[in-house]
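# Breakdown of the fold
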Amino acid sequence: MSDTDSFITEVSEEVRRDKLYAMMRRYGWIAVVAVIALVGGAAWTEYSRAQDRARAEATGDALLAALEAPDAAARAEALTTVTAGPRSAPVMALMTAAAQQDAGDAVAAVATLNGLAADAAAPRIYRDLAAFKAATLDDGTDPAARRAALETLASPGAPFALLASEQLAILDLAAGDTDAAIAGLTRILQDAAVTQGLRDRAQTLMVALGAPLPADLTQTNP
């Protein structure tokens with residue numbers, strides 16, 4: 001390579017270096033900001049996870065302490081003081097209502113369950129379960145109100161439709177309307193989604209009432 005070519009190459013490299021340094025001085029702050037953002041984001045994510053773990057552990061410790069209470073009344077009282085997060089709140093409410101029921105305080109249990117049933121933020125399965133359990137507890141509520149709640153839960157496609165229908169049949173029997181009870185039990189037995197346990201209970205009740213089983217059942221269960 002001639003001296004002229006070597007000189008041109010060196011000049012070109014120097015020019016490229018100058019352009020690179022100029023670009024770094026002009027836009028280098030963007031890279032610095034990007035690095036800071038990445039590091040800061042990772043640190044914040046880790047901090048948030050640590051906070052979530054700490055809250056979950058605190059809730060778990062409080063729950064264990066509440067469950068170790070010597071009797072149902074003390075457990076129910078302790079459970080009402082546990083602060084639960086959005087995900088665990090429905091389960092906590094069900095546990096609290098169960099403890100209140102065990103303590104013989106049906107009124108408090110129904111109030112807790114109704115609170116969960118009315119919580120629009122809770123998943124539907126929990127809301128319907130709470131409404132069903134509340135409707136089956138005898139807290140002195142007007143039977144008509146209990147029936148209205150069960151009829152809503154017994155609507156087609158509802159998660160606890162068949163169980164609610166069973167409770168409606170029991171209410172019919174308690175009211176002396178045997179025909180309505182038998183009709184309700186028959187619909188339960190003819191439903192393709194009926195579980196074996198519910199089928200057995202409905203059949204037993206039908207036999208006790210002296211009512212004939214649906215024809216399709218007598219053919220498959222001679």
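That block above? That's the structure.
Notes on the structure in this doc start here. (Residues numbered from 1 in each chain as written. Predicted model: local features only at pLDDT ≥ 70, side-chain atom pairs only at ≥ 80, totals over all residues. Heavy atoms only, no water.)

Moving on: the overall build of the chain. Along its length, the chain carries 10 helices and zero strands. The secondary structure elements of the chain, listed N-terminal to C-terminal, are α-α-α-α-α-α-α-α-α-α. For the chain, with 222 residues in total, the buried portion stands at 27%. For the chain, restricting intrachain contacts to residue pairs at least 6 apart in sequence, the fraction spanning at least 24 positions comes to 41%. Of the roughly 14200 Å² of accessible surface on the chain, a fraction of 60% belongs to carbon and sulfur atoms. (Helix = DSSP H or I, 4+ residues; strand = E, 2+ residues; numbered from the N terminus. Buried < 20%, exposed > 50% of the residue type's maximum accessible area, 1.4 Å probe, protein only. Contact = heavy atoms within 4.5 Å. Areas by Shrake-Rupley, 256 points an atom, 1.4 Å probe, with all protein chains shown as cover.)

With that out of the way, let us pick up the environment of leucine 213. Inspection of the secondary structure assignment puts leucine 213 in the loop between helix 9 (196-208) and helix 10 (215-220). The class for leucine 213 is partly exposed, based on a relative accessible area of 26%. Once the C-alpha coordinates of leucine 213 and leucine 185 are considered, the two residues, 28 residues apart in sequence, prove to be 9.5 Å apart.

Right, let's talk about the packing of helix 3 (residues 89-102) against helix 4 (residues 106-117) for a bit. Axis separation between helix 3 and helix 4 bottoms out at 8 Å; the angle between their running directions is 165°. In terms of orientation, helix 3 lies roughly antiparallel with respect to helix 4. Our pair here, helix 3 against helix 4, has a crossing hand that is left-handed. Counted together, Pro90, Ala93, Leu94, Thr96, Ala97, Gln100 and Gln101 of helix 3 and Ala108, Ala109, Thr112, Leu113 and Leu116 of helix 4 form the full contact between these two elements. Tallied by class, residues from the contact of helix 3 with helix 4 come to eight nonpolar, four polar and no charged. (Axes fitted to C-alpha atoms, helices over the stretch in contact; angles between N-to-C directions. Parallel < 35°, antiparallel > 145°, perpendicular 65-115°, else oblique. Left-handed = near helix turned anticlockwise from the far one by under 90°. Nonpolar A, V, L, I, M, F, W, Y, C, P; charged D, E, K, R; others polar.)

This part covers the packing of helix 7 (residues 161-174) against helix 9. Relative orientation of the contacting elements helix 7 and helix 9 amounts to 20°, with a least axis distance of 11 Å. It follows that helix 7 is roughly parallel to helix 9 by the angle criterion. For helix 7 against helix 9, the interelement crossing comes out left-handed. Here Leu162, Leu163, Glu166 and Leu173 of helix 7 come into contact with helix 9, specifically with Leu198, Arg201 and Leu205. Broken down by class, the residue content of the contact of helix 7 with helix 9 amounts to five nonpolar, no polar and two charged.

Turning our eyes to something else, we now look at the environment of alanine 122. On the secondary structure map, alanine 122 appears in the loop between helix 4 and helix 5 (124-136). Between the alpha carbons of alanine 122 and valine 91 there is a distance of 10.0 Å; along the sequence they are 31 residues apart. Leaving out residues up to four positions away in the same chain, alanine 122 has contacts with Pro90, Leu116 and Arg127.

Residue position: arginine 146 is located in helix 6 (residues 143-153). Looking at arginine 146, its side chain comes within polar contact range of the main-chain oxygen of alanine 135, at 3.0 Å. (Polar contact = N/O pair within 3.5 Å; in protein donor to acceptor, adjacent residues only side chain to side chain.)

So, about helix 5. A rise of 1.5 Å per residue sets the reference length of helix 5, with its 13 residues, at 18 Å; its end C-alpha atoms lie 18 Å apart and thus fit the reference within 8%. Regarding helix 5, the residues found buried are Asp128, Ala130, Phe132, Ala134 and Ala135. (Expected span 1.5 Å × (residues − 1).)

This paragraph deals with the pattern of salt bridges. According to the stated counting rule, one finds three salt bridges in the structure shown. Arginine 147 serves as the salt-bridge partner of aspartate 172, at 2.7 Å between the closest nitrogen and oxygen. With aspartate 172 in helix 7 and arginine 147 in helix 6, this pair connects stretches of sequence that are 25 residues apart. Judged by relative accessible area, which is 26%, arginine 147 ranks as partly exposed. (Salt bridge = Lys/Arg side-chain N within 4 Å of Asp/Glu carboxyl O.)

Turning next to the packing of aromatic side chains. Going through the model one piece at a time under the given rule, you end up with one aromatic pair. Ring plane angle 10° and centroid distance 6.0 Å describe the contact between phenylalanine 132 and phenylalanine 160, whose orientation is recorded as stacked. Linking phenylalanine 132 in helix 5 with phenylalanine 160 in the loop between helix 6 and helix 7, this pair joins segments that are 28 residues apart in sequence. Neither residue differs from the other here; phenylalanine 132 and phenylalanine 160 are each classed as buried. (Phe/Tyr/Trp six-rings, centres within 6.5 Å; stacked < 30°, edge-to-face > 60°.)

Right, let's get into helix 9. Owing to its 3.6 residues per turn, the α-helix aligns residues three or four sequence positions apart on the same side. With 13 residues, helix 9 extends 18 Å from end C-alpha to end C-alpha; this agrees with the ideal 18 Å at 1.5 Å per step. Among all positions of helix 9, only Leu198, Arg199, Ala202, Gln203 and Met206 are buried. Angularly, the buried residues of helix 9 cover 130° about the axis, an arc narrow enough to put them on a single face. The exposed set on the far side of helix 9, more than 90 degrees from its buried face, consists of Thr204, Val207 and Ala208. One or two steps after helix 9, the chain reaches glycine 210, where phi turns positive at roughly 75°. (Arc of directions from axis to C-beta.)

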